[in-house]
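Structure assessment
Listed here are the chains, written in short residue letters.
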Amino acid sequence: MSGKRVIMAAGNWKMNKTPREAVEFVNHLRGLIKGSSSEVVVGVPFVCIPGVAEAVKGSDIKVAAQNAHWEASGAYTGEVSCGMLKELGVDYVIIGHSERREYFGETNEMVNKKARAILDAGVLPIICCGETLTQREQGVTKEHVRYQIKVALLGITAQEASRLVIAYEPIWAIGTGKTATVEQAQEVCGMIRELLAELYGKDVAERTRILYGGSVNAGNAKALFDMPDIDGGLVGGASLKPDAFEKIVRHDA
Ligand code: PEP
């Protein structure tokens, strides 16, 4: 079990749902998840944030953006700053997702700059990391993930590190229906916690939440979240349907 750490069920909707559909979804979800002991987060497209932030008021649902720029303002056409997200009531920003790394050239250095800006704006980053199938087969998963997280956390203080969230998402398990075994997921999440202990000390490492992501569903959530270093899930496909997501939120019911 993960001791005092509150389990997080964070949905990553990716580029799905219109603003109207998003509000309908959270209006339904807020009733479904009432009284659950998990922290519930919905990671929604930028255009859905105003409506969703309004709709979740007075509920236990938190709102995440799926990206942010590290500069506060300026000539960055198409980008959105952390201050803009904060003003809308965003609680978390997902950064370093493998889709952003692969399709939009997000590097570890950019993830680090984004983490800094998100924290400075009073929001919390959910920092994604994870290996490709080739890297797993080459036996370099730990080295790769360790490097990703070490660079992402450069300049981040111990106090900040204890509040942010890390999501380990093996790329071969994202959207493929192929989940890592609980042992595979635990092994890497445990290694990330060891790295946190090395960087910030054991107390911080024991407080930072580490999620697993990659085809989490109602059937496998409990086994994954019961592992000692897995503090919840970053959920793509199964977060798009309220009933499926509710089952993940209430994995231990
Ligand atoms: C994700 O998008 O972060 C993800 C883990 O997707 P899925 O749950 O669909 O594999």
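The structure we're discussing is the one just above.
Residues numbered from 1 in each chain as written. Predicted model: local features only at pLDDT ≥ 70, side-chain atom pairs only at ≥ 80, totals over all residues. Heavy atoms only, no water.

Lining the immediate surroundings of the ligand are 14 residues, of which Lys14, Glu169, Gly175, Ser215 and Gly236 lie closest. At 3.2 Å, a side-chain N or O of Asn12 approaches an oxygen atom of the ligand. Between an oxygen atom of the ligand and a side-chain N or O atom of Glu169, the distance comes to 2.6 Å. Here the ligand loses 96% of its free accessible area of 290 Å² to cover by the protein chains. Of the residues assigned to the shell around the ligand, the class counts are four nonpolar, eight polar and two charged. (Near = heavy atom within 4 Å. Polar contact = N/O pair within 3.5 Å; in protein donor to acceptor, adjacent residues only side chain to side chain. Areas by Shrake-Rupley, 256 points an atom, 1.4 Å probe, with all protein chains shown as cover. Nonpolar A, V, L, I, M, F, W, Y, C, P; charged D, E, K, R; others polar.)

Summed over the entire model, instances satisfying the criterion amount to 19 salt bridges. Between Glu99 and Lys14 there is a salt bridge, with the nearest N and O atoms lying 2.7 Å from each other. One end of the pair, Glu99, is in helix 4 (residues 98-104); the other, Lys14, is in the loop between strand 1 (8-12) and helix 1 (19-32), with 85 residues separating them in the sequence. A salt bridge links Glu198 to Arg146, with the nearest nitrogen and oxygen atoms 2.8 Å apart. In this pair, Glu198 is assigned in helix 9 (residues 182-200) and Arg146 in helix 7 (residues 141-152), connecting sequence segments 52 residues apart. With a relative accessible area of 52%, Glu198 lands in the exposed category. With a relative accessible area of 27%, Arg146 lands in the partly exposed category. The structure contains a network of salt bridges with shared partners spanning Arg5, Arg193, Lys202, Glu206, Asp229 and Asp231. (Salt bridge = Lys/Arg side-chain N within 4 Å of Asp/Glu carboxyl O. Helix = DSSP H or I, 4+ residues; strand = E, 2+ residues; numbered from the N terminus. Buried < 20%, exposed > 50% of the residue type's maximum accessible area, 1.4 Å probe, protein only.)

Another aspect to go through is the packing of helix 1 against helix 12 (residues 242-249). Packing of helix 1 against helix 12 leaves a shortest axis separation of 10 Å and a crossing angle of 35°. Here helix 1 runs over helix 12; the crossing is right-handed. Two secondary-structure elements touch here, helix 1 through Phe25, His28, Leu29 and Leu32 and helix 12 through Pro242, Asp243, Phe245 and Glu246. For the contact of helix 1 with helix 12, the class distribution of residues is five nonpolar, one polar and two charged. (Axes fitted to C-alpha atoms, helices over the stretch in contact; angles between N-to-C directions. Left-handed = near helix turned anticlockwise from the far one by under 90°. Contact = heavy atoms within 4.5 Å.)

This part is about the state of the cysteines. What the rule picks out here adds up to zero disulfides. The closest cysteine sulfur to the non-disulfide-bonded Cys128 is located on Cys129, 7.5 Å from its own sulfur. Note on Cys128: relative accessible area 1%, which makes it buried. Cysteine Cys189 remains unbridged, with the sulfur of Cys129 as its closest cysteine sulfur at 7.8 Å. A residue is classified by how much of its surface remains accessible, and Cys189, at 0% relative accessible area, is buried. (Disulfide = S-S within 2.5 Å.)

Relative to the helices and strands, His97 is located in the loop between strand 4 (92-95) and helix 4. Beyond its immediate chain neighbours, meaning those up to four positions away, His97 contacts Asn12, Lys14, Cys128, Glu169 and Ile174.

The subject of this paragraph is the pairing of strand 2 (residues 39-43). Burial runs high along strand 2: five of the five residues are buried. The side-chain alternation of strand 2 yields two buried faces, one formed by Glu39, Val41 and Gly43 and the other by Val40 and Val42. In this sheet, strand 2 lies alongside strand 1 in parallel orientation, the contact comprising five bridges. Each bridged residue has a counterpart across the sheet, and for Ala10 the counterpart in strand 2 is Val41. (Pairing = 2+ DSSP bridges.)

Moving on to the sheet that holds strand 3 (residues 61-65). To summarise the sheet geometry, strands pair through backbone hydrogen bonds and adopt either a parallel or an antiparallel arrangement. What the eight strands build is a closed barrel, ordered 1-2-3-4-5-6-7-8; its pairing is parallel. Here the strands of the sheet are splayed against their neighbours by 25° on average, with no regard to which way each runs. Relative to strand 8 (residues 232-235), strand 1 runs parallel, the two being bridged by four bridges. Across the sheet, the residue bridging to Met8 is Gly232, located in strand 8.

This part takes up the pairing of strand 7 (residues 209-213). By the criterion of burial, strand 7 is predominantly enclosed, with five of the five residues buried. Side chains Arg209, Leu211 and Gly213 project from strand 7 onto one buried face, and the interleaved Ile210 and Tyr212 project onto a second face that is buried too. In this structure, strand 6 (residues 165-168) lies alongside strand 7, joined through four bridges in parallel fashion. Across the sheet, Ala167 pairs through a bridge with Leu211, a residue of strand 7. In terms of strand pairing, strand 7 meets strand 8 through two bridges, oriented parallel. Counted as the bridge partner of Gly213 is Leu234 from strand 8.

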